[in-house]
Amino acid sequence: AQSVTQLGSHVSVSEGALVLLRCNYSSSVPPYLFWYVQYPNQGLQLLLKYTSAATLVKGINGFEAEFKKSETSFHLTKPSAHMSDAAEYFCAVSEGNNDMRFGAGTRLTVKP
Amino acid sequence: DTAVSQTPKYLVTQMGNDKSIKCEQNLGHDTMYWYKQDSKKFLKIMFSYNNKELIINETVPNRFSPKSPDKAHLNLHINSLELGDSAVYFCASSLGGTTYEQYFGPGTRLTVT
């Protein structure tokens, strides 16, 4: 079965600094990969998804992620953090069977 | 228009009671889900329905019973509530096929006292 590991339960960056949130996956077939963001007291919102097209995926709010099959990774980056980026971020994997598995989440804190 | 809606948003109840959470999606999606998010933000799938048929049924107590009256609705009924059931419950839906992203509702915060 597919699974996801997010390295670092908490990441803290300064405003304007690079954001890097790490995600490694395990899947027996070519995976579909997703990043979601959860703001306090809200549901999850899709940031971006990889579905076997371009390996570099651009999402909303300036985020992007790169699929690296050799490293089984799908790390999320943003060149310059904004205060409004503070939230919980979830990486998720699906094997294309309507069954999506989420990582444990990474809390991003942005310092002024 | 809200794509995936849940009611109620907050639910406070006592141990032993029975409660239901309702979910509706107006996206025309075929598949709906229930997730439980614990206090550490861990998100665990509970159930999934496709066109009113149960397709994923994770290991959850049989006190939890999903019901899908039609493709747009998936309700969650919980019997004999326990303290450990306190969590945020999210409903989600997806189109299926080659589009697997899920759209989430705002969540229902259940507190069992």
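The text that follows walks through the structure, step by step, so that each part is easy to find. Throughout this document, residue positions are counted from 1 along each chain, in the order its sequence is written. To read the labels, note that chains go from A and ligands from 1, taken in the order they are written. Where local features are concerned, this predicted model is filtered to residues with pLDDT of at least 70; where side-chain atom pairs are given and counted, the filter is 80 or more; whole-chain, interface and lining totals use all residues. Hydrogens and water molecules were not included; the side-chain quantities draw on all heavy atoms of the structure.

Our focus in this paragraph is the overall build of chain B. Secondary structure counts use DSSP, requiring at least four H or I residues in a row for a helix and at least two E residues in a row for a strand, with both numbered from the N terminus. Per the secondary structure count, chain B includes 0 helices and 11 strands. Helices and strands appear in chain B in the N-to-C order β-β-β-β-β-β-β-β-β-β-β. Both definitions apply: the radius of gyration is a C-alpha atom measure, and the globule rule equals 2.2 Å times residues to the power 0.38. For 113 residues, the compact-globule estimate of 2.2 N^0.38 gives 13 Å, and the C-alpha radius of gyration of chain B, at 13 Å, lies within 12% of that figure. Principal-axis analysis of the C-alpha atoms gives chain B an extent of 40 × 30 × 25 Å.

This brings us to the interface of chain B and chain A. Contact with chain B, which involves 27 residues of that partner, is made by 21 residues of chain A. Together chain B and chain A conceal approximately 1,800 Å² of surface at their shared face, both sides included; 53% is due to carbon and sulfur atoms. The three residues of chain B that bury the most area against chain A are B:Lys41, B:Tyr100 and B:Glu101, which together make up 33% of that side's buried surface. The term salt bridge refers to a side-chain nitrogen of Lys or Arg lying within 4 Å of a carboxyl oxygen of Asp or Glu. Our count for the contact surface shared by chain B and chain A stands at 1 salt bridge. Among the ionic pairs, A:Lys49 bridges to B:Glu101, the shortest N-O distance being 2.7 Å. What makes two residues a contact is simply this: any of their non-hydrogen atoms within 4.5 Å. Using a 1.4 Å probe, buried area is obtained as the accessible area two parts lose upon being combined, added over both of them.

How two aromatic rings sit relative to each other is set out by the distance from centre to centre and by the angle between their planes. All names here are of chain A. In this analysis, rings of Phe, Tyr and Trp, with Trp reduced to its six-membered ring, are considered paired at centre separations within 6.5 Å, and the interplanar angle assigns stacked below 30 degrees, edge-to-face beyond 60, and tilted for intermediate values. If you walk through the whole model with that rule in mind, you get 13 aromatic pairs over all chains. Ring geometry for Tyr25 and Phe67: centres 5.8 Å apart, planes at 25 degrees, overall stacked. Separated by 42 residues along the polypeptide, Tyr25 in strand 3 (residues 19-26) and Phe67 in strand 7 (residues 64-68) bring together distant segments of the chain. Ring geometry for Tyr36 and Phe102: centres 5.6 Å apart, planes at 50 degrees, overall tilted.

On their own, these measurements won't tell you what the molecule is for.
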